[in-house]
Amino acid sequence: QVQLVESGGGSVQAGGSLRLSCEASEYSYCMGWFRQAPEKEREGVAYITSGGSTNYADSVKGRFTISRDNAKKTLYLQMNSLKPEDTAVYYCASRSGVYCVLRALDYTYWGQGTQVTVSS
């Protein structure tokens, strides 16, 4: 059973930055970040493979950076130029298999989520 624990969320003014972390009990080939605002569907933010290949949602491309520290079994999401529409609960997720996708239904294990609030 893979366990994931997110941290680093908080409140920030528009234009500011936050860095999210996710500690994993087991480090999968494909790790991803997702977010969900109240009464909205969960959406993919970014994923990264064990080899360092990445993919981002169009809404965050150029502003967010996903990375991983294999020695620490930790996943990161650096968020810059934050906008009010980025406000959501952010989740770390792990996908089984050797291929990466950015669809929530394809991920097996999930963290508890961390709140990110961006004020205008």
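Residues numbered from 1 in each chain as written. Predicted model: local features only at pLDDT ≥ 70, side-chain atom pairs only at ≥ 80, totals over all residues. Heavy atoms only, no water.

Moving on to the nonpolar core. The biggest cluster of nonpolar side chains holds 27 residues, and the ones touching the most others in it are W33, L77, M79 and Y90. Looking at this core, the elements with two or more residues in it are β3 (18-24), β4 (30-36), β5 (43-49), β7 (64-69), β8 (74-79), β9 (88-95) and β11 (114-119). Counting residues per element, this core draws most heavily on β3, which supplies four residues. When neighbours within four sequence positions are excluded, M79 is seen to be in contact with G16, S17, L18, L20, R63, F64, Y90 and V116. C30, Y47, C100 and V101 belong to the second-largest nonpolar core, a separate cluster that totals seven residues. (Core = buried A, V, L, I, M, F, W, Y, C linked by side-chain atoms within 4.5 Å. Buried < 20%, exposed > 50% of the residue type's maximum accessible area, 1.4 Å probe, protein only. Helix = DSSP H or I, 4+ residues; strand = E, 2+ residues; numbered from the N terminus. Contact = heavy atoms within 4.5 Å.)

So, about the state of the cysteines. Taken as a whole and assessed by the stated rule, the structure comprises two disulfides. At a sulfur-sulfur separation of 2.1 Å, the disulfide partner of C22 is C92. One quick way to see it: the torsion about the S-S bond of C22 and C92 is about -70°, and its sign makes the bridge left-handed. Of the two residues, C22 is situated in strand β3 and C92 in strand β9; the sequence distance between them amounts to 70 residues. When sorted by exposure, C22 lands in the same class as C92, which is buried. The side chain of C30 participates in a disulfide bridge whose partner is C100; the two sulfur atoms lie 2.1 Å from each other. Taking the sign of the S-S torsion, 140° for the link of C30 and C100, the bridge is right-handed. Of the two residues, C30 is situated in strand β4 and C100 in the loop between β9 and β10 (109-110); the sequence distance between them amounts to 70 residues. As far as burial versus exposure is concerned, C30 and C100 are alike and both buried. (Disulfide = S-S within 2.5 Å.)

Turning our attention to the pairing of β11. Side chains T114, V116 and V118 project from β11 onto a buried face, and the interleaved Q115, T117 and S119 project onto a face without burial. With four bridges joining them, strand β2 (residues 10-13) and β11 adopt parallel strand pairing. Bridge pairing in β11 places Q13 opposite S119. (Pairing = 2+ DSSP bridges.)

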